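# Geometric and topological summary
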Amino acid sequence: MIEEERFAEKLRNAGKRNAKAEKAVAVAEAACKKLIAKTKVMATAKGHKSNAAQENWADLMPEVEEARINIGVAKGELAAARTEVLACRMEFDEWRTNMATHRKEREVYRAGE
């Protein structure tokens, strides 16, 4: 029973990391959208009237580039967290298969006695 709890704890921890990474992606995307909206307002004040001109002006801002990079970093962390959850599941499945194989072997060899 100790092994089952160890696997459950690893999966819970991986799930927590996954949830944290999901939140980081949402926060980074929201921050980027907010920053783009602010730069569009600044672009309007500078005489860029069309949405395309405002988008282009925002794209030239280093802050917007940094915000987009932050989204990429957060998505990378999310991918790593999801991979960790998958690895925990695979490790548990392997252990469960081994336990079933050993149990079956014990049944077979006991039947021959």
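Quick look at the structure, then. This structure is a prediction, so every number in the text was calculated from the model and none was measured. (Residues numbered from 1 in each chain as written. Predicted model: local features only at pLDDT ≥ 70, side-chain atom pairs only at ≥ 80, totals over all residues. Heavy atoms only, no water.)

Turning to the overall build of the protein chain, a few remarks are in order. Secondary structure assignment for the protein chain yields three helices and zero strands. Each helix and strand of the protein chain, placed in order from N terminus to C terminus, yields the pattern α-α-α. The C-alpha radius of gyration of the protein chain comes to 25 Å, more than 25% above the 13 Å expected for a compact globule of 113 residues. With the principal axes as the frame, the protein chain shows a C-alpha extent of 90 × 20 × 15 Å. The burial tally for the protein chain puts 21% of its 113 residues in the buried class. Pairs at least 24 apart in sequence give 73% of the contacts found in the protein chain among residues at least 6 apart. In the form shown here, the protein chain has an accessible surface area of approximately 8300 Å², with 59% of it arising from carbon and sulfur atoms. Computing the positive centroid from 22 side-chain charges and the negative centroid from 19, the protein chain places the two 7 Å apart. (Helix = DSSP H or I, 4+ residues; strand = E, 2+ residues; numbered from the N terminus. Rg over C-alpha atoms; globule rule 2.2 N^0.38 Å. Buried < 20%, exposed > 50% of the residue type's maximum accessible area, 1.4 Å probe, protein only. Contact = heavy atoms within 4.5 Å. Areas by Shrake-Rupley, 256 points an atom, 1.4 Å probe, with all protein chains shown as cover. Lys, Arg positive; Asp, Glu negative; His and termini not counted. Charge placed at Lys NZ, Arg CZ, Asp CG, Glu CD.)

Inspection of the entire model under this criterion finds three aromatic pairs. Geometrically, the ring pair formed by Phe-7 and Trp-95 is tilted, given 5.4 Å between the ring centres and 50 degrees between the ring planes. On the criterion of sequence distance, the pair formed by Phe-7 in helix H1 (residues 2–45) and Trp-95 in helix H3 (residues 62–111) is long-range, its members being 88 residues apart. Overall, the relative accessible area of 7% leaves Phe-7 in the buried class. Among the residues examined, Trp-95 registers a relative accessible area of 17% and is labelled buried. Measuring from centroid to centroid gives 5.7 Å for Phe-92 and Trp-95, while their planes differ by 35 degrees, and the two rings are tilted. Here Phe-92 and its partner Trp-95 are both found in helix H3, three residues apart, which amounts to about one turn of the helix. Among the aromatic residues, those joined into a ring-pair cluster are Phe-7, Phe-92 and Trp-95. (Phe/Tyr/Trp six-rings, centres within 6.5 Å; stacked < 30°, edge-to-face > 60°.)

Viewed as axis vectors pointing N to C, H1 and helix H2 (residues 51–59) meet at an angle of 115 degrees, and their least axial separation amounts to 9 Å. Between H1 and H2 lies a crossing of right-handed hand. Each of Ile-36, Thr-39, Lys-40, Met-42, Ala-43 and Thr-44 in H1 lies in contact with H2, whose residues at this interface are Asn-51, Gln-54, Glu-55, Trp-57 and Ala-58. Grouping the constituent residues of the contact of H1 with H2 by class yields five nonpolar, four polar and two charged. (Axes fitted to C-alpha atoms, helices over the stretch in contact; angles between N-to-C directions. Left-handed = near helix turned anticlockwise from the far one by under 90°. Nonpolar A, V, L, I, M, F, W, Y, C, P; charged D, E, K, R; others polar.)

Right, let's talk about the pattern of salt bridges for a bit. According to the stated counting rule, one finds 13 salt bridges in the structure shown. Linking Arg-82 and Glu-22 is a salt bridge whose minimum nitrogen-to-oxygen distance equals 2.7 Å. One end of the pair, Arg-82, is in helix H3; the other, Glu-22, is in helix H1, with 60 residues separating them in the sequence. Where Lys-104 meets Glu-107, a salt bridge forms, and the shortest distance between an N and an O atom there is 3.6 Å. Taken together, the residues Lys-104 and Glu-107, both in helix H3 and three residues apart, mark about one turn of the helix. A single network of salt bridges, built from pairs that share partners, joins Glu-3, Arg-6, Lys-10 and Glu-91. (Salt bridge = Lys/Arg side-chain N within 4 Å of Asp/Glu carboxyl O.)

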